[in-house]
Amino acid sequence: VVQLRELVTSKLEKHCTTYLTPVTWLLLEDRVYDIRKWSRKKIVSFENIVTIGRKHCSMKSRSEVSDALSYLHNFSVVVHFATCPTLQHVVFIDAPWVYTTLSRLNPVRVSDLPAIHHPALDKLHKEG
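Residues numbered from 1 in each chain as written. Predicted model: local features only at pLDDT ≥ 70, side-chain atom pairs only at ≥ 80, totals over all residues. Heavy atoms only, no water.

Trainee: Please clarify how the overall build of the chain should be interpreted in this entry.
Mentor: When helices and strands are tallied, the chain shows six helices and two strands. From first element to last, N terminus to C terminus, the chain shows the α and β order α-α-β-α-α-β-α-α. For the chain, with 128 residues in total, the buried portion stands at 23%. Accessible surface for the chain amounts to roughly 9800 Å². Of this, 58% is attributable to carbon and sulfur atoms. (Helix = DSSP H or I, 4+ residues; strand = E, 2+ residues; numbered from the N terminus. Buried < 20%, exposed > 50% of the residue type's maximum accessible area, 1.4 Å probe, protein only. Areas by Shrake-Rupley, 256 points an atom, 1.4 Å probe, with all protein chains shown as cover.)

Trainee: Even after reading the chapter, I still don't get the nonpolar core, so can you show me in this structure?
Mentor: Note on soluble globular proteins: their nonpolar side chains tend to be buried together. Among the nonpolar cores identified, the biggest contains 20 residues, and L28, I49, M59, V78, V91 and I93 are the most heavily contacted of them. Secondary structure elements with two or more residues in this core: helix 2 (23–39), helix 3 (46–56) and helix 4 (62–74). Among the elements that take part in this core, helix 4 stands out by supplying five residues, more than any other. Residues contacting V91, with those up to four places away along its chain left out, are K42, I43, V44, F46, I49, L69, V78, V79 and H80. (Core = buried A, V, L, I, M, F, W, Y, C linked by side-chain atoms within 4.5 Å. Contact = heavy atoms within 4.5 Å.)

Trainee: What is the right way to read a nonpolar patch on the surface from this model?
Mentor: A cluster of nonpolar residues, L4, L7, V8 and L12, forms a patch on the protein surface that exposes about 370 Å² of accessible area. Of note, V8 is situated in helix 1 (residues 2–15). A residue is classified by how much of its surface remains accessible, and V8, at 41% relative accessible area, is partly exposed. (Patch = residues over 30% accessible without salt bridge, like charges linked within 9 Å, V, L, I, M, F, W, Y side chains within 5 Å. Salt bridge = Lys/Arg side-chain N within 4 Å of Asp/Glu carboxyl O.)

Trainee: Would you mind showing me how to read the packing of aromatic side chains here?
Mentor: Ring pairs (aromatic) are described by centroid distance and by the angle formed between their planes. Counted by the stated rule, this structure contains four aromatic pairs. Both rings, one in F92 and one in W97, keep their centres 6.5 Å apart while their planes meet at 35°; by these two values the pair is tilted. A network of ring pairs unites the aromatic residues W25, Y71 and F75 as a single cluster. (Phe/Tyr/Trp six-rings, centres within 6.5 Å; stacked < 30°, edge-to-face > 60°.)

Here it is in structure tokens:
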């Protein structure tokens, strides 16, 4: 049994990452759940999340709030498109709702569109 435990532990250490999650990030997660539960909001502005992080979760900077949002995004607690200029100012605090909504959209491929010739469309069609 001891040898088996050591073998499993060594394999896990090689293939698994251990996360030391800051308590402040977990506090923000709790606040997000509270907002979702009590206000029934699905979308909150990034600025409101920054304010919550700094006032209620003892976060020191916008950067720390951004890191926490990235963590929460990676674990599907929130959806935050930090690199998308159009959507970076909002945080979707109900991730399942976002995924369900996006899954209902029918994708449109350029090849399905009527023959419209425009350099940008032609480039998109060729490059994918």
